[in-house]
Structure formats: structure tokens, C-alpha cells
Amino acid sequence: MSKPYQLPTILSFISVLLLCSYMLGDGQLNHDTSWYLISTGWWLEGVRIYDEILELNPPLAYYLTVPPVYVSQVFNWNAVTVMKVYVLVIATISVLWAHFILTRNQLHSSAQVAALTIGASFALMIVPIHNFAQREHLMVLFAWPYVALSLSKPMHVDLPQKHIIAIGLFAALGFAIKPYFLAIPLCITMAHCVYARSLRPIASTLNVTVLVFCILYVLASLFLHPEYFNNIIPQTVLTYGAYEEGFLIVIRKGASVISLMIFALLVAFLLPSIKKSSFSASVCAAACLGGLGSYLIQSKGWGYQIIPFQSFAFIFLAWLTISLFEDIKTRLYGFLIGTASLALILVPALKNGTYENPFYKQFAQHFSCPAGARSYQVFGSNVSPSFPLANFANATPANRAPGLWIFPGVIHQLENVTDDTERMALNAAIEQSRKTVVDDFMRVHPQLIIVDVRDHKSYFQGSSFDYIDYFKGDERFKLAWVKYKLVDEFQGFQTYRRKGCVNELS
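A few points on the structure. None of these values were measured; they are calculated from a predicted model. Per chain, the residues get numbers from 1 upward, laid out in the order the sequence is written. Only residues with pLDDT of at least 70 get local features here, since the model is predicted, and only at 80 or more are side-chain atom pairs given and counted; chain-wide, interface and lining totals rely on the full set of residues. Hydrogens and water molecules were not included; the side-chain quantities draw on all heavy atoms of the structure.

What the protein contains, in helices and strands, is 22 helices and five strands. Relative to the globule expectation of 23 Å for 506 residues, the C-alpha radius of gyration of the protein, 25 Å, shows essentially globular dimensions. On the principal axes, the C-alpha backbone points of the protein span a range of 75 × 50 × 40 Å. Categorising residues by exposure relies on relative accessible area from a 1.4 Å probe, with only protein chains included: less than 20% of the type maximum marks a residue as buried, more than 50% marks it as exposed, and the intermediate range marks it as partly exposed. Burial status across the protein gives 57% buried among its 506 residues. Residue burial considers only the protein chains on display, and all accessible areas are found by Shrake-Rupley using a 1.4 Å probe. Element-wise, carbon and sulfur atoms account for 63% of the exposed surface of the protein, whose accessible area totals about 21,800 Å². We count Lys and Arg on the positive side and Asp and Glu on the negative side, and we leave His and both chain ends out. Note that the charge is assigned to NZ on lysines, CZ on arginines, CG on aspartates and CD on glutamates. The positive charge centre, built from 35 side chains, and the negative charge centre, built from 30, are 10 Å apart in the protein. Helical segments are the DSSP runs of H or I of at least four residues, strand segments are the runs of E of at least two, and each set is numbered from the N terminus. We compute the radius of gyration over the C-alpha atoms and compare it with the globule rule, which gives 2.2 Å times the number of residues raised to the power 0.38.

In what follows, salt bridge is the name for a side-chain nitrogen of Lys or Arg lying within 4 Å of a carboxyl oxygen of Asp or Glu. For the structure on display, the rule yields 12 salt bridges. Across the pair Glu52 and Arg400 runs a salt bridge, and its minimum N-O distance is 3.8 Å. Here Arg400 lies in the loop between β2 (395-397) and α19 (406-416) and Glu52 lies in the loop between α2 (31-44) and α3 (60-75), a separation of 348 residues in the sequence. The shortest N-O distance in the salt bridge between Arg476 and Asp439 comes to 2.8 Å. Here Arg476, found in helix α22 (residues 475-481), pairs with Asp439, found in helix α20 (residues 420-444); they are 37 residues apart in sequence, far enough to count as distant. Each member of the salt-bridge network shares a partner with another, and the members are Arg48, Asp51, Glu52 and Arg400.

Working definition: the strands of a sheet are paired by backbone hydrogen bonds and lie parallel or antiparallel to each other. Strand pairing follows a simple DSSP-based rule, namely that at least 2 bridges must link the two strands. On the basis of which strands lie adjacent, the open sheet formed by five strands has the order β2-β1-β3-β5-β4 and mixed pairing. The sheet is open, and its two edges are formed by β2 and β4 (485-490), each paired on a single side. Strand-to-strand twist of the sheet, defined as the mean angle between neighbouring strand axes without regard to direction, takes the value 25 degrees. Where strand β1 (residues 374-379) lies against strand β3 (residues 448-452), four bridges are found, and the strand directions are parallel. Counted as the bridge partner of Gln377 is Ile449 from β3. Contacts are assigned to residue pairs that have any heavy atoms within 4.5 Å of one another. Helix axes are fitted only over the stretch in contact, all axes being lines through C-alpha atoms; the angle between N-to-C directions runs from 0 to 180 degrees. Across the sheet, α20 is in contact with β1 and β3; its angle to β1 comes to roughly 165 degrees.

When two helices pack together, their arrangement is given by the angle between their axes and by how far apart the axes lie. The interhelical angle for the contact between helix α7 (residues 161-175) and helix α9 (residues 205-224), taken along N-to-C directions, is 45 degrees, at an axis separation of 8 Å. Of the possible angle classes, the one that applies to α7 and α9 is oblique. Here α7 and α9 pass one another in a crossing that is right-handed. Along its contact with α7, which presents Gln161, Ile164, Ile165, Ile167, Gly168, Leu169, Ala172, Leu173 and Phe175, the element α9 presents Thr205, Leu206, Thr209, Val210 and Phe213. By residue class, the composition of the contact of α7 with α9 is 10 nonpolar, four polar and no charged. Here the angle decides the label: under 35 degrees means roughly parallel, over 145 means roughly antiparallel, 65 to 115 means roughly perpendicular, and every other value means oblique. We call a crossing left-handed when the near helix sits turned anticlockwise from the far one by less than a right angle, and right-handed when that turn is clockwise. Three residue categories are used. Nonpolar comprises Ala, Val, Leu, Ile, Met, Phe, Trp, Tyr, Cys and Pro, charged comprises Asp, Glu, Lys and Arg, and polar comprises the others, including Gly.

This part covers the packing of α2 against α3. Where α2 contacts α3, the axes come no closer than 9 Å and their chain directions differ by 80 degrees. Judged on the interaxial angle alone, α3 and α2 are roughly perpendicular. On the side of α2, the interface is formed by Trp35, Tyr36, Leu37, Ser39, Thr40, Gly41, Trp43 and Leu44, while α3 contributes Ala61, Tyr62, Tyr63, Thr65, Val66, Val69, Tyr70 and Gln73.

With that settled, consider helix α14 (residues 278-298). Take the number of residues in a helix, subtract one, and multiply by 1.5 Å to get its expected span. In this model, α14 (21 residues) spans 30 Å end to end at C-alpha, consistent with the 30 Å of a helix rising 1.5 Å per residue. Burial analysis of α14 places 18 of its 21 residues in the buried class, the great majority of the element. At the exit of α14 stands Ser299, carrying a positive phi of roughly 60 degrees.

Below, the discussion takes up the state of the cysteines. Working definition: a disulfide is two cysteine sulfur atoms within 2.5 Å of each other. One pass over the full model with this rule turns up one disulfide. Between the sulfur of Cys369 and that of Cys501 lies a disulfide, 2.2 Å long from S to S. With the S-S bond torsion at -100 degrees, the cross-link from Cys369 to Cys501 turns out left-handed. In this pair, Cys369 is assigned in the loop between α17 (360-364) and β1 and Cys501 in the segment after β5 (493-497), connecting sequence segments 132 residues apart. You can call Cys369 buried: its relative accessible area is 4%. The closest cysteine sulfur to the non-disulfide-bonded Cys193 is located on Cys187, 12 Å from its own sulfur. The thiol sulfur of Cys288 is not disulfide-bonded, and the nearest other cysteine sulfur, from Cys284, lies at 6.7 Å.

What follows deals with α20. Along an α-helix, a turn takes 3.6 residues, which lines up residues three or four apart on a common side. Compared with an ideal rise of 1.5 Å per residue, which puts 25 residues at 36 Å, α20 spans 36 Å between its outermost C-alpha atoms and is within 8% of the ideal. For α20, the complete set of buried residues consists of Leu426, Ala429, Ile430, Ser433, Arg434, Val437, Val438, Asp440, Phe441 and Val444. Contact partners of the buried residues in α20: α10 (226-239), β1, α19, β3, α21 (467-471) and α22. Counted as a polar contact is a pair of N or O atoms within 3.5 Å, where, for protein atoms, one must be capable of donating a hydrogen and the other of accepting one, and residues adjacent in sequence contribute only when both atoms are in side chains. One side-chain oxygen at the N-terminal end of α20 lies 3.1 Å from the backbone nitrogen of Thr421; it belongs to Asp419. Of the residues trailing α20, His445 is marked for its positive phi of about 50 degrees.

Here we come to the side chain of Ser299. Structurally, Ser299 is set in the loop between α14 and α15 (307-325). A polar atom in the side chain of Ser299 sits 3.1 Å from the backbone oxygen of Ile297. Filtering out sequence-adjacent residues up to four positions away, Ser299 remains in contact with Tyr243, Glu244, Glu245 and Val250.

In C-alpha cells form, the structure reads like this:
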């Protein structure tokens, strides 16, 4: 890469990094990340994940959260702030490492390398800022150097094998967070196989490194966390279908960017001036396809799950825009694609800004005890009423699960099940869940209880359910519940409070 582009590119990255830091400010992180900060702290204190902490996702998400939580505990720093710095450090490593890789790629012009690096700066820090530090966001950060290296044919890049292995290990930390993410290296490898007209790219050093890491990770998880396979997975298979949406609903949520990508791909592969870069375009498109596949496979349509597709799409569109501007005959296409990319991806990200939800500030004002002596429990299947309330109010959540995720699937299935064996399994699951929830209640005796009382609760698919009535089936809860008084109702959630700041049952 020629020197005239180096300084502007690095200064652009630094500017995006500062913009991201400014936007993050002192706000809260999304509810899932906030849950991981709390539950990882419990884990470090000796509470067993997948046994006492009921989390659905594989353990790598916990391991990746250990560094910021450990540092915050040792130095008594705010865990949310440390997490932000931690992720920004990973983003810096990812962007600069990939930039170094791209400068050694003989297939790209200096302007294209600059576009990829600047596009990646926005795609890795600003595009996902509303869901900053989500698992999908972390995956993209770890995966970007892998994708950058994949934009080169083996004969066009000169890197030592140790360096390539390091890139593979870094990427594996992202791909292994969720099994769906493996769709990305799979699609990229398929693109390489098509261009090589051979299956040899499957056994590349990069892919073998990722594969070996994933195999060792699964084996280690079986040994260290057998409860995940014996406890969590069976419950998930039994009940988690309640969270799935129809295919058309899922794809409609990403329709605008998908449409832009289809148009951009037609331009990339039909214009003669771009055909010389068709290999890079194919790999970029494969990364986007893998990201879109991981979103569609999960079948939920949750906003953060489309981050891999949106981030890789923005990088590809930035590269394509500059590639089109390099030829005067195709600059109109470059202007259209660049403008559409900003309008459909970057501007909405800037407009939506960082994470907020309507619950945590509303609920926090009902604590009558000082920070550090607060506790609460949420009866609902959504994570957002529970977190980041704990982080924001410095309060102890009673539930050792992000939400009461088993109840929607079980309740709806019990209304329709005809097989007696399946009915027994569902009844056993919900009875065990009630015991777990009441055990948590008795252990903490929370000052606030927040209850989802909506007629149409999320994920129940129209089935009616009353949490308080159901939990009163446990005599322990029934006797303790008389101490709670209704103090607020907000957006279908009632808040109850008891007097006192200590656990009277301890």
C-alpha cells in the first residue's frame, strides 16, 4: 500500500474509535451483555454455570467475559466501563491486524485497502453500537482478520505459517461462540474451492486451525461443563421453539440491506471493470452470505443476530464503492451504492445510537434501599426488564437465569399436547422451573418483584399465564408473598415492594 494512503487510513480509524468511545459514554450495555457481566461474576465467585446458573449459550461466551469481570473485581472498577474498554481493545487489534494483512495482498489497490480498513472501522464499531459487546459483535471482531486474509489467494500473500495459525486461533474465538457462526468460514471456504476448482482450500492452515480449536473446545466443554449437555440442551430442545419466528417475518427485518446487497452483487459480477476483482467480491459475498445464514438459522429475527451480515455487508459495499470510483465509467454505480450503504446501514446505526430500554430506569426508582443493599426478582420471559437493571442500580438479581425462558414453550405446548409421555416431560420441566424460581426467591428474599402481567406475554403465542398464581402453588412463596405491596405498573409490568433492606428469611 502506498504511503499517501497510510496516514489518512490510520487517522480515520482513530477518529472512528474516538467517535465510538464518545457514543458509548457512561451508558449501559445491552441486556444480554449486562447479564453476562453479572453471571460471570457469580461464576468467578464459585457459582456453577449450567447447574446453578441457567444460561442457554455454550460456555465460550463466559470465558470471553472473564477478563473484564476479573479486572473489575480486582481493582474495584465498574464492570460495564471495563467491558467497553476491553471490546474496544479487541476492535483495535482486529482492524489494525487486518489492515496489515490487506497491505500484503497483491490483488488490491491502495485505495481498495484503505476502503476496506475504513469500512471495517465503521462496521466493527459503529454499525453494531446499539448491541455493543453482544456475542454477534464479538464474533465479527474476532473474525475480521480471517476474512481479510481470505480475500487473498495463497500465492498473493506472504505470511509465515505461525502468523496464519495465530489468525485462525483469533477467528476461532469468534466462530465458536455459537455453532451458527461456522456458516461464515464454511461459505468463504466454498468460494475458495470454486475459484481453485479443488477441495484443497478445505485443508488450508487457516481452516485446520479453526477446526482443531472447535474440536478441542467441544471436548473441553464436555469435560468441564457436562451440565450444559445433560441439563441445558435437553430443556432447550423441549421448550425453545416458542422463541422462533416465521421465515418471512425474519427475512423482512433485514429486507432493505438484503436488497441492497443483491443489487451490489449484480453490479460487481456484471460490470467488466470489476470482474478483475471477482475473487475478492466472491469472498466478501460469501462472508455476507454466511452472516445472513447464521441470522436465518436462528429463526428469531432479533436485531443483534443480523450484526454479522450487516457488518460484513458494509465492508463489502465500502470496497465495491471505491472499486467503482476507480473507473470513470462506473462512478455513478459507486455513488448509488455508497449513498445507499450510508443511508441503509450507517445512518440508522448512528440514529439508533447506544442501547436503551424503557425498563431499568423506571424500575430503579422504586428501590428504597441504598446501592449495594438492593435486590429484585423478575417474573417474565424477556431479558430486558431484568438487565441492565442490576448493573445500573447496583442491585442483586434473585434469578440465576437471564429470564424465565422455559415457561413460554412449556405453557403453549401443554395446551396442545396429546402424547402422555410428552405431557409428563413438560409438566416435570415446568415444576422444576417453579422450584428453581422459588428457591431463588427464598435465597434472596428480594425487595422488589417485577411481574409481567400482560395479556399477551412475549413468546407465549397467545397462551394465558399468571406467574403469581402459579408460584403460589409453592407454599413457601405463598406465605412470603403477603409482605409485598403493589407500587407501580409500567408497560404491562407490575412492581411490588416489601419493607426493609435485609433478607428477613436468611
